[in-house]
Amino acid sequence: MLTHNELLTALPDCLDSAELPAHFGQKISGKVRDIYLYDDHRILITTDRISAFDRVLGLVPYKGQVLNQLSAWWFEQTSDIARNHVIAVPDPNVTIAAEAQPLPLEIVVRGYITGVTTTSLWYLYKNGDRQPYGIALPEGLQKNDPLPQPIITPTTKALSGHDEIITVDAIVASGLVSAEMWSEISATALAVFKRGQEVAARGGLILVDTKYEMGLIDGQLTLIDEVHTPDSSRYWLADSYDERRQPVNFSKEFMRKWYADQGYRGEGEPPVMPDDLRAQIAARYIATYEKLTGSDFVPGIQPAQTRIAQALQQAAF
Ligand SMILES: Nc1ncnc2c1ncn2[C@@H]1O[C@H](COP(=O)(O)OP(=O)(O)OP(=O)(O)O)[C@@H](O)[C@H]1O
Ligand SMILES: [Mg+2]
């Protein structure tokens, strides 16, 4: 585990964006990944950008490497259950993926009732909704309680703006996907989530909830994007989960809390992240990687930009 001082020293080398030589074509930038579409492949370069409140808030050392390597690891851990898009991982920050026809859905699976945003289960339940997302929930649940069984709460992947809640009935009725396709999607999501919870438990973590993206590759349902990363999932420290229901968070909730403490709720110009916080967030991402995989995190050669460009020049695909 890197020390706080080592993480502070790494701050100037953070990967803000990644540029590839011209023949890789035009770069597309998501909030976190820089993407090149090349020869039926999607080159996903995970940067050190961190986002919340639907915007990029700053840079966290080694975050891109942690996310990329952890996602690759989880794709392997679940490959007997679900096909995935990974073709190669030629660099700590890079995945070469098969380009999919993405489904216009975010498939959120939740094992616990929690959250603070207006689409979170706890927010809806606390405000009296006993059938959030069309799913009947029992009376008497407390914040952070486990659900009777994991549930799927899909949202539509909006082309602009915020994702919107959609019920399973509406997904099928609107023709977004067929009833058969939905049963394959939900069975896959629940099976991958179950595996995720089992594997996380071995590392002393609780996989609380997560978001999957799926698409079609050669007509086959395939897991795409990222899987069970601390960006797409909520993790709690298992040891800290008891009847008081105030578990230690190992995901972005830690950063969101700092913003909330500054009085920031996502409106207007966000406060600048102090260096100490950036290093603390890095420590959590790295700790999550180490707990889950059971291996030490080994930082790639810095700065990452030069290394990435070289790795992709040499990658045969
Ligand atoms: N195999 C794939 N085929 C097609 N699209 C993919 C594949 N894997 C990931 N994607 C898409 O690539 C993008 C990854 O970039 P990133 O996660 O940074 O975007 P984002 O800020 O989350 O934006 P978005 O809201 O569009 O997901 C996402 O839009 C994701 O849906
Ligand atoms: Mg994304």
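Please refer to the structure higher up on the page.
To keep things clear, this report deals only with the structure shown in the data block.

The rules behind the values
- Residues numbered from 1 in each chain as written.
- Chains lettered and ligands numbered in written order.
- Predicted model: local features only at pLDDT ≥ 70, side-chain atom pairs only at ≥ 80, totals over all residues.
- Heavy atoms only, no water.
- Buried < 20%, exposed > 50% of the residue type's maximum accessible area, 1.4 Å probe, protein only.
- Helix = DSSP H or I, 4+ residues; strand = E, 2+ residues; numbered from the N terminus.
- Contact = heavy atoms within 4.5 Å.
- Near = heavy atom within 4 Å.
- Polar contact = N/O pair within 3.5 Å; in protein donor to acceptor, adjacent residues only side chain to side chain.
- Areas by Shrake-Rupley, 256 points an atom, 1.4 Å probe, with all protein chains shown as cover.
- Core = buried A, V, L, I, M, F, W, Y, C linked by side-chain atoms within 4.5 Å.
- Phe/Tyr/Trp six-rings, centres within 6.5 Å; stacked < 30°, edge-to-face > 60°.
- Lys NZ or Arg CZ within 6 Å of the ring centre and 35° of its normal.
- Pairing = 2+ DSSP bridges.
- Axes fitted to C-alpha atoms, helices over the stretch in contact; angles between N-to-C directions.
- Parallel < 35°, antiparallel > 145°, perpendicular 65-115°, else oblique.
- Left-handed = near helix turned anticlockwise from the far one by under 90°.
- Nonpolar A, V, L, I, M, F, W, Y, C, P; charged D, E, K, R; others polar.

## Structural notes on helix 6 (residues 253-261)
- The set of residues buried in helix 6 consists of E253, M255, W258 and Y259.
- Contacts from the buried residues of helix 6 go to strand 4 (49-52), strand 5 (55-59), strand 15 (233-237) and helix 7 (275-293).
- With its phi angle positive at about 85 degrees, G263 sits one or two positions after the end of helix 6.

## Quick notes on the site of ligand 1
- In the vicinity of ligand 1 lie 14 residues, with K31, R33, H85, K157 and E213 positioned nearest.
- Between an oxygen atom of ligand 1 and a main-chain N or O atom of K31, the distance comes to 2.7 Å.
- Residue E213 places a side-chain N or O atom 2.5 Å away from an oxygen atom belonging to ligand 1.
- Coverage of ligand 1 by the protein chains reaches 81% of its 590 Å² of free accessible surface.

## Some thoughts on the nonpolar core
- In this structure, I185, Y212 and M214 are the most contacted members of the largest nonpolar core, which totals 56 residues.
- The leading source of residues in this core is helix 7, at 9 residues.
- Once residues lying within four places of it in the same chain are set aside, the contact partners of M214 are P102, L103, I107, I185, T188, A189, L221, T222, L223 and I224.

## Quick look at the packing of aromatic side chains
- According to the stated counting rule, one finds 12 aromatic pairs in the structure shown.
- Ring geometry for Y112 and W236: centres 5.1 Å apart, planes at 65 degrees, overall edge-to-face. Within this pair, whereas Y112 is found in strand 9 (residues 105-112), its partner W236 is found in strand 15, the two being separated by 124 residues in sequence.
- In textbook terms, an aromatic cluster arises when at least three aromatic residues are bridged by ring pairs, as seen for F53, W258, Y259 and Y264.
- Looking at R130, its charged tip hangs above the ring of Y125, at a distance of 3.7 Å from the centre.

## Quick notes on the sheet that holds strand 1 (residues 27-29)
- Taking strand neighbours across the sheet as the criterion, the 5 strands line up as 1-2-3-7-6 in an open arrangement whose pairing is antiparallel. The open sheet has two edge strands with one neighbour each: strand 1 and strand 6 (86-91). The average undirected angle you get between the axes of adjacent strands in this sheet is 25 degrees.
- Here strand 3 (residues 41-46) pairs with strand 7 (residues 94-98) via 5 bridges, running antiparallel.

## Observations concerning the packing of helix 2 (residues 63-77) against helix 7
- As a packed pair, helix 2 and helix 7 sit with axes 9 Å apart at the nearest point and diverge in direction by 20 degrees. Comparing the axis directions of helix 2 and helix 7 gives the class roughly parallel. In this structure, helix 2 crosses over helix 7, and the sense of that crossing is left-handed. Contacts between helix 2 and helix 7 involve K63, V66, L67, Q69, L70, W73 and W74 from the former and Y285, I286, T288, Y289, L292 and T293 from the latter.
- The residue makeup of the contact of helix 2 with helix 7, split by class, is 9 nonpolar, 3 polar and 1 charged.

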